[in-house]
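Commentary on secondary and tertiary structure
Listed below are the residues making up each chain.
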Amino acid sequence: MVKKGTGPGRLYARAVFTGYKRGQRNQYENTALLKIEGCKNKDDGKFYVGKRAVYVYKCKNKTSVPTGGKSRLRVLWGKVTRIHGNSGCVRAKFSSNLPATAMGKRIRVDQRVDMFCECLHVD
Amino acid sequence: MTMVETKKPAATKKAEKAPAKPKAEKPKAEKPKADAKAAKPKVAKAEAKDVKAKPVKPKTKLELLRERKPKGTKPKDKTKPKPVKEKKPKQKEPLGKKPLKAGCYRIWKGKKEIIRRKNYIVKPIGGANNGNARRVLQNKRPAYYAAQLNKKYISKRKPKTNFKRLRPSITPGTVCIIVAGVHKGKKVVFLKRLVSGLCLVTGPFKINACPLRRVNQIYLIATATKLDISKVEIPKHINDRYFRRGKTVRSKKEEGDIFGQKTEKYVASEQRKKDQEALDAQLITAIKEREDKKMFFGYLGSYFGLRNRMYPHIMKF
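What counts as what
- Residues numbered from 1 in each chain as written.
- Chains lettered and ligands numbered in written order.
- Predicted model: local features only at pLDDT ≥ 70, side-chain atom pairs only at ≥ 80, totals over all residues.
- Heavy atoms only, no water.
- UniProt positions renumbered as here; feature names shortened; annotations may be inferred.
- Helix = DSSP H or I, 4+ residues; strand = E, 2+ residues; numbered from the N terminus.
- Buried < 20%, exposed > 50% of the residue type's maximum accessible area, 1.4 Å probe, protein only.
- Contact = heavy atoms within 4.5 Å.
- Areas by Shrake-Rupley, 256 points an atom, 1.4 Å probe, with all protein chains shown as cover.
- Arc of directions from axis to C-beta.
- 1 Å grid on protein atoms, 1.4 Å probe; cavity = no way out; pocket = protein on both sides within 12 Å on 5 of 7 lines; lining within 4 Å.
- Points joined across faces, edges and corners; volume = space filled by probe spheres on them.
- Nonpolar A, V, L, I, M, F, W, Y, C, P; charged D, E, K, R; others polar.
- Expected span 1.5 Å × (residues − 1).
- Pairing = 2+ DSSP bridges.
- Axes fitted to C-alpha atoms, helices over the stretch in contact; angles between N-to-C directions.
- Phe/Tyr/Trp six-rings, centres within 6.5 Å; stacked < 30°, edge-to-face > 60°.
- Lys NZ or Arg CZ within 6 Å of the ring centre and 35° of its normal.
- Salt bridge = Lys/Arg side-chain N within 4 Å of Asp/Glu carboxyl O.
- Parallel < 35°, antiparallel > 145°, perpendicular 65-115°, else oblique.
- pLDDT = per-residue confidence, 0-100.

Chain A is annotated in an unreviewed UniProt entry as Large ribosomal subunit protein eL33 of Penaeus vannamei. In UniProt, chain A has this text filed under Sequence similarities (unreviewed entry): "Belongs to the eukaryotic ribosomal protein eL33 family."

So this is what it looks like as structure tokens:
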């Protein structure tokens with residue numbers, strides 16, 4: 001009954017990598033700051049804490065993909081760790097630090113909760 | 001022997017002279033009691049006179065103890081019957097005659113017989129000068145003796161969340177959205193939670209090609225839509241074992257490259273197909289009972305996707 005043409009829509013929330021955690025003159029690249037679309041205050045941001053974050057990017061060489069085959073797409077996995085500030089920004093930590101070229105680029109915030117995270121989202 | 005003799009006369013004496021006033025010739029055991037008795041009337045007299053009462057000597061602990069159980073002077077109450085202990089008949093096996101299993105031997109600790117098992121097997125070996133046989137241990141000694149015993153290894157990668165907790169929004173019959181995986185975006189019906197903690201879920205297959213499947217609850221977004229599956233019977237054989245992946249048996253005499261990818265395409269077993277059809281039929285009858293069945297069919301058949309201005313943190317699923 002499912003039409004073959006239509007696939008699933010976007011299942012992730014859109015976010016932007018705004019920069020690293022920083023003071024005025026020093027920055028700490030291990031933590032990234034994310035601005036999630038539609039997230040305007042602390043309560044909104046709380047929803048995303050614990051969710052998985054993904055940075056997707058393309059490269060020249062093809063590498064193997066877990067589902068089989070090869071692809072030019074590459075991925076950095078991470079998770080939203082906590083809220084940052086009062087306006088809905090959020091901090092995230094990735095498996096390896098985000099490259100600076102990712103600033104201003106799209107980060108996907110998955111609906112899945114990181115399994116090894118303390119807080120399981122309470123419905 | 002002498003002790004026995006003295007006991008008897010003491011007992012008889014006491015029987016005779018208990019009511020009468022005590023005399024000094026009595027054995028020592030009786031003295032404190034005698035003293036007590038002597039003291040009592042004195043105290044009574046003193047109290048009666050009320051003037052110049054002689055102070056009563058406080059009894060020492062020893063005296064008190066003696067009072068309670070004067071040795072050898074306790075009269076045997078012959079009126080009470082002795083409690084008779086029932087002797088349980090011991091099943092005495094004839095010693096040394098119990099048939100031994102292979103590899104067992106018996107040893108004696110006094111009269112007690114202990115049967116032990118030999119830890120080794122005698123295996124014949126070849127070679128002229130090798131002594132024909134070797135003892136091969138069955139339970140081999142450990143290759144490593146830890147310096148610290150009982151060291152608790154804490155698994156570092158342990159899920160910290162309360163494992164048994166299922167999100168309260170996920171109840172049997174809830175329509176859930178699968179968030180990732182092969183079936184991402186599909187709306188499926190949650191059937192029940194399996195022992196392993198995974199959620200049993202089905203499309204139904206006829207509607208959206210999602211089969212009976214195990215899914216972790218973190219892959220599910222529960223919607224408010226609930227289907228009444230109280231009349232749906234989920235067969236008991238559908239459990240974690242049912243979904244266990246089969247081990248791919250690699251024959252040792254396989255020709256060609258061992259590392260050559262030979263991933264066989266998954267084909268659903270007949271059992272799975274049967275169970276799927278049976279369960280689907282039940283679910284579809286449950287859907288047909290609803291008023292909004294047409295929409296419901298369409299709902300389950302469609303994919304979920306976020307659009308512009310749709311924010312998960314605001315949305316009520």
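**Things to note about the overall build of chain A**
The secondary structure content of chain A amounts to 1 helix and 6 strands. The helix and strand sequence of chain A, counted from the amino end, reads β-β-α-β-β-β-β. Counting all 123 residues of chain A, 37% fall into the buried class. Expressed as a percentage of contacts within chain A between residues at least 6 apart in sequence, the contacts between residues at least 24 apart total 57%. Within the structure as shown, chain A displays about 7,400 Å² of accessible surface, and the carbon and sulfur contribution to it stands at 50%.

**Here we look at helix 6 (residues 293–301) of chain B**
All names here are of chain B. Among all positions in helix 6, only Phe296, Phe297, Leu300 and Gly301 are buried. With its buried residues spanning 130 degrees around the axis, helix 6 presents them on a single face. Opposite the buried face of helix 6, by more than 90 degrees, sit the exposed residues Lys294 and Met295.

**A look at the layout of surface pockets**
Residue and element names in this part refer to chain A. The space that makes up the second largest pocket amounts to roughly 980 Å³. Elements represented by at least two residues in the lining of the second largest pocket include exactly strand 3 (51–64), strand 4 (70–84) and strand 6 (106–113). Here the residues of the lining of the second largest pocket sort into 13 nonpolar, 6 polar and 7 charged.

**Some points on helix 5 (residues 270–288) of chain B**
All names here are of chain B. Taking 1.5 Å per residue, 19 residues should reach 27 Å; helix 5 reaches 27 Å between its end C-alpha atoms and fits that length. Where helix 5 is concerned, the buried positions are Asp275, Gln276, Leu279, Asp280, Leu283, Ile284, Ala286 and Ile287. Along the axis of helix 5, the buried residues cluster in a sector spanning 160 degrees; they form a single face. Along helix 5, the residues that are exposed and aim more than 90 degrees away from the buried face are Glu270, Lys274 and Glu277.

**Details of the sheet that holds strand 9 (residues 220–226) of chain B**
Residue and element names in this part refer to chain B. As summarised here, the arrangement of the 5 strands in space is 8-7-6-5-9, forming an open sheet in which the pairing is antiparallel. Either end of the sheet is taken by a strand with one partner, and the two such strands are strand 8 (213–215) and strand 9. Here the strands of the sheet are splayed against their neighbours by 45 degrees on average, with no regard to which way each runs. Of the pairings in the sheet, the one linking strand 5 (residues 174–178) to strand 6 (residues 187–193) comprises 3 bridges and is antiparallel in character. Residue Val175 lies in a different strand from strand 6, and its bridge partner there is Val189.

**Considering the packing of aromatic side chains**
All names here are of chain A. Summed over the entire model, instances satisfying the criterion amount to 6 aromatic pairs over all chains. Judged by centre distance (5.3 Å) and plane angle (65 degrees), the rings of Phe17 and Tyr20 are edge-to-face. The same class applies to Phe17 as to Tyr20, namely buried. For the pair Tyr55 and Tyr57, a centre-to-centre distance of 5.2 Å together with 20 degrees between the ring planes defines the contact as stacked. On the basis of relative accessibility, which here comes to 27%, the residue Tyr57 falls in the partly exposed class. Positioned over the ring face of Tyr12 is Arg10, at 5.8 Å from the centre of the ring. Sitting above the plane of the Trp77 ring, Arg52 keeps its charged end 4.3 Å from the centroid.

**Considering the pattern of salt bridges**
Enumeration according to the criterion identifies 5 salt bridges over all chains in this entry. Here Arg14(A) ties to Glu37(A) by a salt bridge, and the two come within 3.1 Å at their closest N and O atoms. A residue pair is termed long-range when its members are at least 10 positions apart, and Arg14(A) in strand 1 (residues 13–22) and Glu37(A) in the loop between strand 2 (27–36) and helix 1 (42–48) qualify at 23 residues. Using a relative accessible area of 29% as the deciding quantity, one classes Glu37(A) as partly exposed. Across the salt bridge formed by Arg214(B) and Asp240(B), the nearest N and O atoms sit 3.0 Å from each other. Pair noted here: Arg214(B) is in strand 8 and Asp240(B) is in the loop between strand 9 and helix 5, with a separation of 26 residues, a long-range link.

**Topic: the packing of helix 5 of chain B against helix 6 of chain B**
Residue and element names in this part refer to chain B. Contact pair helix 5 / helix 6: the axes reach a minimum separation of 9 Å and the direction vectors enclose 135 degrees. On the basis of their axis angle, the class for helix 5 and helix 6 is oblique. Residues Ile284, Ile287 and Lys288 of helix 5 form the contact with helix 6, whose own contacting residues are Lys293, Phe296, Phe297 and Leu300.

**Some thoughts on the confidence of the model for chain B**
Residues and elements named next belong to chain B. Scored by pLDDT, chain B comes out at a mean of 74, with 59% of its residues at no less than 70. Here helix 1 (residues 2–17) is the element of chain B with the lowest mean pLDDT, 46, and strand 5 is the one with the highest, 93. Counted against residues more than four places away or in other chains, residues 1–51, with its pLDDT under 50, gives 21 contacts. Per the prediction output, this complex has pTM 0.58; the corresponding ipTM is 0.83.

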